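For reference, the chains in residue letters:
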Amino acid sequence: MRLSCFEMKIIRLSVFLLAVSFACIARADNARFDLVGPKISVRVTRAGTTLPIAEVPNLRAGDKLWVKADLPASQKNHLLLIVAFLRGTTNEPPDDWFTEIDTWDKKRTREGTTITVPEGAEQAVMFVAPETGGDFKTLRSAVKGKPGLFIRANADLNEASFEQQRIERYLAAMKTVPANDKKAIQDRSGKLATTLALRPNADCFKQPVEQQVTCLTQSSAPVLLDDGHGQTIASAISTGPSSDFINAASATPVAGAGVYSAYVGAVVDLVHLVSTMRTAQFQYIPAIAFPNSETLNLKLNTPPSFINPKSVIVIGLPAIQEAKLPPLRPQNENQVSCLLQPKMALLLEGAPLVFSTSFAHDMTLHLNRTGAQTDLPLKPDAFEGGLVVTKEEQRRSLEEAAKEESAAKDGTKLASSTDLTVTGTVKGYWGFDAFDGPTLTLQQVAGDGWKVVGNSQLMTGKDNHLTLRGEGTACVQQIALTNKNGKDVDVSFKPAEGTSKGAEDAKNPLELAVSLKTVQPGDYSLAIKQYGSGDVSKVPLTAYTSDIRLDAVKLHRGDNVAVLSGEGLENVVSVEIAGQTFMPSGPSNDEKTVQLEAKTGVSPKEGTEATAKLKDGRTMKVKVAAQAARPGLTLISVNATATPQDGALPVTLGAKSDIPLNGRLTFVVQTKDAFPRNQTIEVATADGALKTTLSLKENNLVLQDARTAIGMLVPAKAFGQSGFGKLQMRPVAADGTTGDWTPLGTLVRTPDVTAIQCTTEDAPTCTLEGNSLFLAQTFGADKDFAKTAEVPIGFADGTFAVPTPADGRTLYVKLRDDPANAATVVLPKPVAPAPPPPPATAPVAAPAPASDGTRTPQPAPTVPPPSGENTTTTPNPQGGQTTPPQN
């Protein structure tokens with residue numbers, strides 16, 4: 001398994017303690033640096049200025065260390081505090097570089113001990129050991145005998161301290177985030193991870209804070225990213241034979257030797273404890289320091305022992321070297337900060353120790369401008385992700401030195417306090433040394449000139465993205481979408497990606513995310529609130545219906561009819577195609593298409609786009625799918641003849657456009673060019689329920705010449721006895737492309753009238769006999785239908801009483817298939833008037849009986865019919881005569 005850098009450092013520290021032990025290895029249970037050790041107060045004085053140890057990243061020769069053990073008054077065991085200086089891995093230090101402090105000495109405990117860093121020293125380390133015979137000399141001999149091991153241990157302890165402070169700062173900041181706010185936890189953990197150079201862990205950093213400690217502790221992957229700056233200021237070891245020996249020893253596994261697991265929480269797991277030292281009966285244990293002002297708070301991984309083997313606590317002090325100034329840089333090189341923001345944050349990264357330690361102090365933002373305050377106090381804030389402007393009083397003990405260095409470097413062009421932007425340089429102290437950080441662009445007045453650029457259309461029911469531009473976008477505090485009803489929708493925003501760096505950064509656009517999932521269409525405004533301004537700027541916008549989608553508009557070249565497909569088509573007012581306005585000609589059948597119609601036809605070019613106008617005032621582009629011109633036919637003539645039914649009276653239809661079902665239909669058509677032999681003609685009812693096809697192949701379509709064709713059709717055979725309604729025809733090309741429909745007429749059915757029996761012209765009715773009499777709707781005595789007889793629905797008899805024809809011969813009929821045009825049935829003979837009655841005669845005597853007793857037969861008397869009655873005879877189906885009934 002590959003070890004992390006942190007594990008290697010702890011292994012090297014374990015090897016060091018193993019090397020100085022010269023004794024057997026003692027195993028122990030896993031332990032963490034969670035035991036509180038003794039506190040030691042340390043101050044450092046340089047050139048008359050004193051800083052607490054928490055603000056000192058490095059020591060220099062001539063520095064004065066003030067050291068005091070901060071032990072409780074009840075401390076019973078005598079502890080020896082030793083401060084030692086080292087000067088190289090192969091160069092043992094002299095005896096006078098070791099200072100012994102008896103912590104039980106009341107005077108030293110009260111006043112502390114001042115020690116000067118000797119010239120040539122490179123490292124400083126402290127030891128806390130219980131008083132015992134030969135303790136100081138034994139420890140000094142061990143250090144002088146193997147100085148390189150103690151140098152490596154000191155560097156590793158310092159670096160471990162830096163890394164643990166980064167994690168401690170993260171956990172402390174996360175405790176201020178509400179445990180139930182998952183979004184805030186994720187946002188804050190991401191910002192802290194960037195600032196403190198931690199590796200975000202999706203499984204740990206998104207959990208509640210109280211669970212993150214356990215999660216981070218159990219993680220097998222380190223979350224600490226390499227911090228070159230921290231490693232640089234922690235290590236001052238040189239190369240050489242001793243260094244090679246240390247590296248080789250740390251990489252060599254030793255049975256039972258102590259190593260540390262990858263602990264990524266607040267402490268580090270100790271897998272094995274290290275050995276004892278037989279000479280003075282000492283056991284060395286490491287301590288990790290957490291400085292707070294002048295106090296070194298120590299954390300131990302195992303309890304100190306005051307019986308043999310007694311424990312010696314090893315404490316690292318800052319390296320003795322030149323200052324390694326923090327390499328701060330902006331998180332985003334294009335970022336602009338707003339001076340009008342009460343708690344302005346300068347988002348910086350590159351030096352996590354600035355945010356996890358107190359090494360950086362007395363920091364200011366120097367504004368390169370005239371006519372206003374030029375220095376703003378700053379403090380590191382890992383929670384905010386950078387340096388924040390603070391009103392807290394800053395210590396200015398090193399102010400004069402800063403002015404001298406600033407004056408030497410100041411060549412920046414100054415801007416006016418009324419300009420939109422100004423530059424500012426981060427300045428401060430790293431321990432005792434002044435440093436200049438990055439120069440940043442700052443916006444110092446409120447922006448204006450707001451407008452939405454690019455696509456400004458908002459769609460309801462979905463998330464929208466807009467781009468907002470203005471003169472100064474860095475000071476935008478809040479953006480909301482509002483309407484006249486006062487309902488606001490918060491709008492999230494961020495600087496647009498890919499913007500340029502420089503003085504124009506404050507003018508860079510903002511990317512807006514507007515959620516309109518619960519918003520109705522209508523007029524809205526972007527309400528823009530800025531830091532330092534009580535006014536709210538508004539940019540008008542319109543939210544449109546989102547369920548409109550225009551897929552394509554299809555038409556054949558030369559047509560004035562097109563079909564638009566998509567969704568929400570009821571919102572389309574018109575479509576402009578090739579200069580012609582197409583209007584919806586009626587509701588669509590499937591809600592996904594709508595038919596459009598123009599006054600004249602168009603022939604758009606390939607790739608043409610049409611412009612659709614919507615009811616909400618928008619226009620939308622839609623692709624035009626132009627197809628080949630449709631086939632066309634010109635109807636020359638239509639001829640429909642009825643086929644006489646055996647024994648039935650002919651029924652004459654009332655309109656020339658009526659086509660009898662029981663008949664033959666012939667029509668003549670012409671084409672503009674030669675009639676294609678693979679083209680057919682479709683004949684169908686207007687509702688499309690009945691249809692048939694005529695073709696040259698089936699011989700029901702015959703060419704008269706190259707352009708003229710004659711169509712022949714027997715409707716009853718093609719459509720059956722239930723065929724009726726408007727009849728039309730259209731050409732159909734071989735590829736299925738259809739032409740326009742052309743009306744042929746109205747297909748009607750007629751009843752079979754076999755006989756009409758009327759008595760006299762004065763009789764109110766006649767008796768009609770036949771089949772399918774239900775196809776008639778109304779019978780009338782004349783064309784005005786003054787006297788009528790309605791055929792009821794459901795009638796199925798073979799006889800029906802009809803009005804006596806007014807002219808004695810013509811019966812009018814309104815057919816159910818075409819009631820607007822009355823048909824006629826003509827009687828073969830008119831109704832005859834009644835003959836006069838015969839004259840009265842004397843009674844005839846009864847014949848005398850014959851001689852044989854029989855009577856001579858006499859002719860029967862003539863009996864006149866009843867007054868007012870007459871008789872007419874109509875053919876019957878068998879060709880004989882029908883005799884009227886006798887009274």
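The preceding data block contains the structure.
Residues numbered from 1 in each chain as written. Predicted model: local features only at pLDDT ≥ 70, side-chain atom pairs only at ≥ 80, totals over all residues. Heavy atoms only, no water.

Draft legend 1. How the structure looks around the overall build of the protein chain. When helices and strands are tallied, the protein chain shows 11 helices and 55 strands. For the protein chain, the residues scored as buried account for 48% of the 887 residues in total. When contacts within the protein chain are restricted to residue pairs at least 6 apart in sequence, long-range pairs at least 24 apart make up 67% of them. Surface accessibility of the protein chain: about 43800 Å² in total, with carbon and sulfur atoms responsible for 50%. (Helix = DSSP H or I, 4+ residues; strand = E, 2+ residues; numbered from the N terminus. Buried < 20%, exposed > 50% of the residue type's maximum accessible area, 1.4 Å probe, protein only. Contact = heavy atoms within 4.5 Å. Areas by Shrake-Rupley, 256 points an atom, 1.4 Å probe, with all protein chains shown as cover.)

Draft legend 2. Quick look at the sheet that holds strand β23 (residues 433-443). Spatial ordering of the open sheet is given by β14-β16-β20-β19-β17-β22-β23-β15, a layout of 8 strands whose pairing is mixed. Strands at the two margins of the open sheet, each flanked by one partner only, are β14 (329-330) and β15 (336-338). Judged from the 3 bridges that link them, strand β16 (residues 345-349) and strand β20 (residues 386-389) form a sheet pairing that is antiparallel. Across the sheet, residue L346 finds its bridge partner in β20, namely L387. (Pairing = 2+ DSSP bridges.)

Draft legend 3. Fine view of the state of the cysteines. Tallied over the full model, the rule gives 2 disulfides. The residue that forms a disulfide with C338 is C475, at a sulfur-sulfur distance of 1.9 Å. Note on the C338 and C475 pair: the S-S dihedral is about 100°, so by sign convention the disulfide is right-handed. Highlighted residues: C338 in strand β15 and C475 in the loop between β26 (463-471) and β27 (476-482), separated in sequence by 137 residues. The disulfide that involves C758 links it to C766, with 1.8 Å between the sulfurs. Here C758 and C766 share a disulfide; its torsion about the S-S bond, 115°, makes the bridge right-handed. On the accessibility criterion, C758 (5% relative accessible area) is buried. The exposure class of C766 is buried, given its relative accessible area of 1%. (Disulfide = S-S within 2.5 Å.)

Draft legend 4. Expanded view of unusual backbone geometry. Phi at N699 is positive, roughly 65°, even though this residue is not glycine. Along the chain, N699 falls in the loop between β44 (691-694) and β45 (701-703).

Draft legend 5. The arrangement of the packing of aromatic side chains in detail. A complete count under the given rule lists 5 aromatic pairs for this structure. A centroid spacing of 5.9 Å and a plane angle of 35° characterise the contact between F779 and F800, whose relative ring orientation is tilted. Here the residue F779 occupies a position in strand β51 (residues 776-780), and F800 occupies one in strand β53 (residues 799-803), the gap between them amounting to 21 residues. Here F779 matches F800 in class, with each residue buried. On the basis of an interplanar angle of 75° and a centroid distance of 5.3 Å, the ring pair of F795 and F800 is categorised as edge-to-face. Judged by its relative accessible area of 12%, F800 is buried. Through a chain of ring-to-ring contacts, three or more aromatic side chains come together here, namely F162, F359 and W430. R43 extends its terminal NZ or CZ atom over the ring of W66, reaching a point 3.7 Å from the ring centre. Above the face of the W97 ring, R87 is positioned so that its terminal group lies 5.2 Å from the ring centre. (Phe/Tyr/Trp six-rings, centres within 6.5 Å; stacked < 30°, edge-to-face > 60°. Lys NZ or Arg CZ within 6 Å of the ring centre and 35° of its normal.)

Draft legend 6. Seen up close, the packing of helix α4 (residues 147-174) against helix α5 (residues 182-195). Contact geometry for α4 and α5: axes closest at 10 Å, N-to-C directions at 155°. By the criterion of interaxial angle, the relationship of α4 to α5 is roughly antiparallel. Of the two elements, α4 crosses α5, and the hand of that crossing is right-handed. Contacts between α4 and α5 involve Y170, A173 and M174 from the first element and I185, R188, S189 and L192 from the second. (Axes fitted to C-alpha atoms, helices over the stretch in contact; angles between N-to-C directions. Parallel < 35°, antiparallel > 145°, perpendicular 65-115°, else oblique. Left-handed = near helix turned anticlockwise from the far one by under 90°.)

Draft legend 7. How the structure looks around the sheet that holds β45. Pairing is antiparallel across the open sheet formed by 4 strands, whose spatial order is β39-β42-β46-β45. A strand with exactly one partner marks an edge of an open sheet, and here the two such strands are β39 (634-642) and β45. Across this sheet, the average inter-strand angle for adjacent strands is 20°, counted without regard to direction. For strand β42 (residues 663-670) and strand β46 (residues 708-713), the ladder comprises 6 bridges, and the chain directions are antiparallel. Directly across from L665, in β46, lies its bridge partner L713.

Draft legend 8. Layout of the nonpolar core. Of all hydrophobic cores here, the largest spans 51 residues; its most connected members are I40, L81, F85, M126, F127, L296 and I315. The element best represented in this core is strand β5 (residues 79-86), accounting for 8 residues. Setting aside residues no more than four positions away along its own chain, F127 makes contact with L80, L81, I82, A84, L139, V143, F150, V312, I313 and V314. (Core = buried A, V, L, I, M, F, W, Y, C linked by side-chain atoms within 4.5 Å.)

Draft legend 9. Inspection of α5 at higher detail. Between its first and last C-alpha, α5 extends 20 Å over 14 residues, near the 20 Å set by a 1.5 Å rise per residue. Those residues of α5 that fall on the buried side of the exposure criterion are A184, I185, S189, L192, A193 and T195. Summarising the axial view, the buried residues of α5 lie within an arc of 160°, below the 170-degree limit, and thus occupy one face. A197 lies just past α5 and shows a positive phi near 55°. (Expected span 1.5 Å × (residues − 1). Arc of directions from axis to C-beta.)

Draft legend 10. Just the side chain of S574, in detail. Counting through the fold element by element, S574 comes out in strand β34 (residues 572-577). Leave out the neighbours within four places in its chain, and S574 touches T581, F582, M583, T611, A612 and K613.

Draft legend 11. Representation of the environment of Q704 within the structure. Turning to its location among the elements, Q704 is positioned in the loop between β45 and β46. Residue class for Q704 comes out exposed when judged on its relative accessible area of 56%. On a C-alpha basis, the gap between Q704 and Q670 in space is 9.7 Å, while along the polypeptide they are 34 residues apart. Apart from the residues lying within four places of it in its own chain, the contact partners of Q704 are A709 and I710.

Draft legend 12. Spatial organisation of the pattern of salt bridges. Taken as a whole and judged by the stated rule, the model has 18 salt bridges. Across the salt bridge formed by D63 and R46, the nearest N and O atoms sit 2.7 Å from each other. Of this pair, D63 sits in the loop between β3 (49-52) and β4 (64-70) while R46 sits in strand β2 (residues 35-46); the two residues are 17 residues apart in sequence, bridging distant segments of the chain. Judged by relative accessible area, which is 11%, R46 ranks as buried. Ionic pairing is found between D551 and R549, a salt bridge with its closest N-O pair at 2.7 Å. Look at D551 and you get partly exposed, because its relative accessible area is 37%. Bridged by salt links that share partners, the residues R46, R60, D63 and D433 form one connected network. (Salt bridge = Lys/Arg side-chain N within 4 Å of Asp/Glu carboxyl O.)

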